[in-house]
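# Structural description and commentary
Residues per chain are reported as follows:
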Amino acid sequence: MGILLYLSELIIPFMVFYVMGNGLASKVPVYDSFRRGAQKGLEMVVKLAPALIGLMVATGVLRASGFLDLAAVFIGRILPDEILPSAVVPLGVVKLFSSSAATGLLLDIFREYGTDSYTGLTASLMLCSTETVFYTMSIYYTSVGIKKTRYTLYGALFASMAGMAASVVLARWMLR
């Protein structure tokens, strides 16, 4: 086990020296290439910042407004907790916007229901079988300048709903 830890500490410095050595051997101006790449990276950050700020604000508004709790109560009245735990409904909605906020909700679910409960297992499976649809679309489409998304949103939302449904079915099957 100690050898793996030692090797893992050496990987990054090795890669840096390898890239620099390869660039020097190929007669590439390494520092100028690094500077141009860093400049393009900063330009991309400036370009993506409005979309990221908007998503973070939307996630905060969703959590603070009580909409997620209202949705959980509404779904809880339609479907009993034995079929779909109402505590995972806010998790499914928040995951569409922010993975880190969804992780915070997952930890709250673990504290309240436990990790081995039906609700905890469903939430775990839901978190790993869905995607941050709006975050991913805004980052990728903003970075390349696409304005018309066509059917991407519909397909991504359908795939996330399928992942949520599969997590409910798998959690029930695993606890049999």
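These numbers come from a predicted model, not from an experiment.

On average, residues of the protein chain score 88 in pLDDT, and 99% of them reach the 70 mark or higher. Per-element averaging of pLDDT across the protein chain places helix α3 (residues 67–78) at the bottom with 81 and helix α6 (residues 118–128) at the top with 94.

This part covers the packing of aromatic side chains. This structure, assessed with the given rule, holds 2 aromatic pairs. Both rings, one in Phe14 and one in Tyr18, keep their centres 6.3 Å apart while their planes meet at 20 degrees; by these two values the pair is stacked. One end of the pair is Phe14 and the other is Tyr18, both in helix α1 (residues 2–25) and 4 residues apart, which spans about a single turn. Residue Phe14 is classed as exposed on the basis of its relative accessible area, which comes to 54%. Taking 4.8 Å as the distance between ring centres and 20 degrees as the angle between the ring planes, the aromatic pair formed by Phe97 and Phe134 counts as stacked. Of the two residues, Phe97 sits in the loop between α4 (88–95) and α5 (99–113) while Phe134 sits in helix α7 (residues 133–144), which places them 37 residues apart along the sequence. Given the relative accessible area of 19%, Phe97 is considered buried.

Rules used in this analysis
- Residues numbered from 1 in each chain as written.
- Predicted model: local features only at pLDDT ≥ 70, side-chain atom pairs only at ≥ 80, totals over all residues.
- Heavy atoms only, no water.
- pLDDT = per-residue confidence, 0-100.
- Helix = DSSP H or I, 4+ residues; strand = E, 2+ residues; numbered from the N terminus.
- Phe/Tyr/Trp six-rings, centres within 6.5 Å; stacked < 30°, edge-to-face > 60°.
- Buried < 20%, exposed > 50% of the residue type's maximum accessible area, 1.4 Å probe, protein only.

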